[in-house]
Amino acid sequence: MKKVTAILLVLAMVMMMLSGCGSKNAESGDEMFKVGIIQLMEHPSLDTIRESIIEGLEDEGYVEGENLKIEYQNGQNDMSTMKNIAQTFVGDECDVIVAIATPAAQAALSETTEIPIVFAAITDPVGAGLVDSLDNPGGNVTGTSDEVSAEMIMNLAKDITPDFKTIGVLYNIGEDNSVSVVAQLKEYAGENGYKVIESTVTNTGEVQQAAQYLADKVDIVFSPIDNTVASSMAVATETFNNAGIPFYVSADSMVNDGGLATCGIDYTVLGRETAAMIADILEGADPAAIAVRKMSEMSVYVNKETAKALNIEIPQAILDKAVLFPEE
Ligand code: TRP
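This one's a predicted model, so the numbers in the text were calculated from it and none came from an experiment.

### Here we look at the overall build of the protein chain
Stage number 1. Scanning the protein chain from N- to C-terminus turns up 14 helices and 13 strands.
Stage number 2. Along the longest, intermediate and shortest principal axes, the C-alpha atoms of the protein chain span 80 × 45 × 35 Å.
Stage number 3. Expressed as a percentage of contacts within the protein chain between residues at least 6 apart in sequence, the contacts between residues at least 24 apart total 71%.
Stage number 4. As displayed, the protein chain has an accessible area near 15,000 Å², and 49% of this comes from carbon and sulfur atoms.
Stage number 5. Between the centroid of the 18 positive side chains of the protein chain and the centroid of its 50 negative side chains there is a distance of 4 Å.

### Some words on the domain arrangement of the protein chain
Stage number 1. Segmentation of the protein chain into domains returns domain 1 (2–146 + 268–294) and domain 2 (150–264 + 298–325).
Stage number 2. Each of domain 1 and domain 2 was reduced to a C-alpha centroid, and the two centroids are 32 Å apart.
Stage number 3. In total, about 1,000 Å² of surface goes out of reach between domain 1 and domain 2, with carbon and sulfur atoms giving 57% of it.
Stage number 4. Of all residues in domain 1, H43, P44 and T123 bury the most surface against domain 2, accounting for 36% of the area lost on that side.
Stage number 5. For the interface between domain 1 and domain 2, the tally reads zero salt bridges.
Stage number 6. Our enumeration of links across domain 1 and domain 2 arrives at three residue pairs in polar contact (both at pLDDT 80 or more).

### Some points on unusual backbone geometry
Trans is the prevailing form of peptide bonds, just as negative phi is the prevailing case for residues other than glycine.
Stage number 1. Looking along the chain, the bond that leaves F325 and enters P326 is cis, with omega of -10°.
Stage number 2. Among the secondary structure elements, P326 is positioned in the segment after β13 (323–325).
Stage number 3. In this structure, N77 takes a positive phi of about 55° despite not being glycine.
Stage number 4. With respect to the element layout, N77 can be found in the loop between β2 (68–74) and α4 (79–91).
Stage number 5. Backbone geometry places E93, a non-glycine residue, at a positive phi of 55°.
Stage number 6. When you line up the elements, E93 lands in the loop between α4 and β3 (96–100).

### What about the pattern of salt bridges?
Stage number 1. Going through the model one piece at a time under the given rule, you end up with seven salt bridges.
Stage number 2. Among the salt bridges present, the one from E71 reaches K69, with a minimum N-O distance of 3.8 Å.
Stage number 3. By relative accessible area, which is 14% here, E71 ends up buried.
Stage number 4. Notably, a salt bridge pairs R293 with E273, separated by 2.9 Å at the nearest N-O pair. Note that R293 is positioned in strand β11 (residues 293–294) and E273 in helix α12 (residues 267–282), a separation of 20 residues in sequence.
Stage number 5. Judged by relative accessible area, R293 falls into the partly exposed class, the value being 29%.
Stage number 6. E273 sits in the partly exposed class, given a relative accessible area of 28%.

### Brief notes about the site of the ligand
Stage number 1. In the vicinity of the ligand, 18 residues are found, and the nearest of them are S45, T102, A121, T123 and D146.
Stage number 2. The separation between a nitrogen atom of the ligand and a polar main-chain atom of A121 is 2.8 Å.
Stage number 3. A distance of 3.3 Å separates an oxygen atom of the ligand from a polar side-chain atom of N177.
Stage number 4. Secondary structure elements with two or more residues in the shell around the ligand: α3 (44–59) and α9 (227–230).
Stage number 5. Of the residues forming the shell around the ligand, the biggest block, three residues, is contributed by α3.
Stage number 6. Its residues placed into classes, the shell around the ligand shows 10 nonpolar, six polar and two charged.
Stage number 7. Inspection of the shell around the ligand shows a minimum of three residues originating in each of domain 1 (2–146 + 268–294) and domain 2 (150–264 + 298–325).

The rules behind each value
Residues numbered from 1 in each chain as written. Predicted model: local features only at pLDDT ≥ 70, side-chain atom pairs only at ≥ 80, totals over all residues. Heavy atoms only, no water. Helix = DSSP H or I, 4+ residues; strand = E, 2+ residues; numbered from the N terminus. Contact = heavy atoms within 4.5 Å. Areas by Shrake-Rupley, 256 points an atom, 1.4 Å probe, with all protein chains shown as cover. Lys, Arg positive; Asp, Glu negative; His and termini not counted. Charge placed at Lys NZ, Arg CZ, Asp CG, Glu CD. Domains from an automatic or database assignment. Buried area = accessible area lost by both parts, 1.4 Å probe. Salt bridge = Lys/Arg side-chain N within 4 Å of Asp/Glu carboxyl O. Polar contact = N/O pair within 3.5 Å; in protein donor to acceptor, adjacent residues only side chain to side chain. Buried < 20%, exposed > 50% of the residue type's maximum accessible area, 1.4 Å probe, protein only. Near = heavy atom within 4 Å. Nonpolar A, V, L, I, M, F, W, Y, C, P; charged D, E, K, R; others polar.

Have a look at this one:
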């Protein structure tokens, strides 16, 4: 029996040497870094961000199983779950905590002001209380922002469906990321003579009723980069399509999931940028002094099937520049 074990061991070692894996660490003496990823919930946009962060880290030379251990946990859209996850990461002495979406970053910061936190896709990092300012974060937290412009999205709405007077707004009032974009929208509406009717939710279970409330009252609906709405797009889209109401959203995934159109950022690029910041911090940079990165490129996204369902003719000039869903 012992002999068999010994032979197996030798065989295993030979195979490891041949394939070149496993021994690299020991040979080079490379450090094993530990990164904890806490994600608010699973919806398509947040999943895309996480995947491209992991790919980006690989491009930066941080490869899972080689010199990097990734602990990923889904926060189930629940604050106390996320705080527990953050506590676990602190207890495990993670080198960096990565937080995807605003409530996840807020939960992480509530558990540590020592371990660097790199956030991904935070719409309003200052308003969410995560950094002192975008240029000088000041504490243990920095990362990427996915801020969009409510005005740009409304200008797109005017190009596609010019005749609206009343804008319905659907969002989760508990998400600071949404509250800040809605404030922008209200300012724009006030300056341009539009009426705004808000319908707010606190969880996904309330989305259908809140959508129906608006469907009876408004000409178009707008949703900010809201995680709760993003994870209930099927319900929201069905309600608005049935009522013949154009539904303007704030993220590419929300258009892919049935929203009519938006002007927004590319989350794959955002994930890569976030990975570069994580790499800098693993190499010793101080988050306090690393400015929050905003995405400069905006693209127009249009859902052709939704346009068809609403009998809306999208102007050719928009079709020419837009990313179209469903993808062919
Ligand atoms: N920006 C959101 C936040 O700050 C997170 C987010 C990223 C998001 N991509 C999204 C929300 C797409 C809705 C849809 O929490």
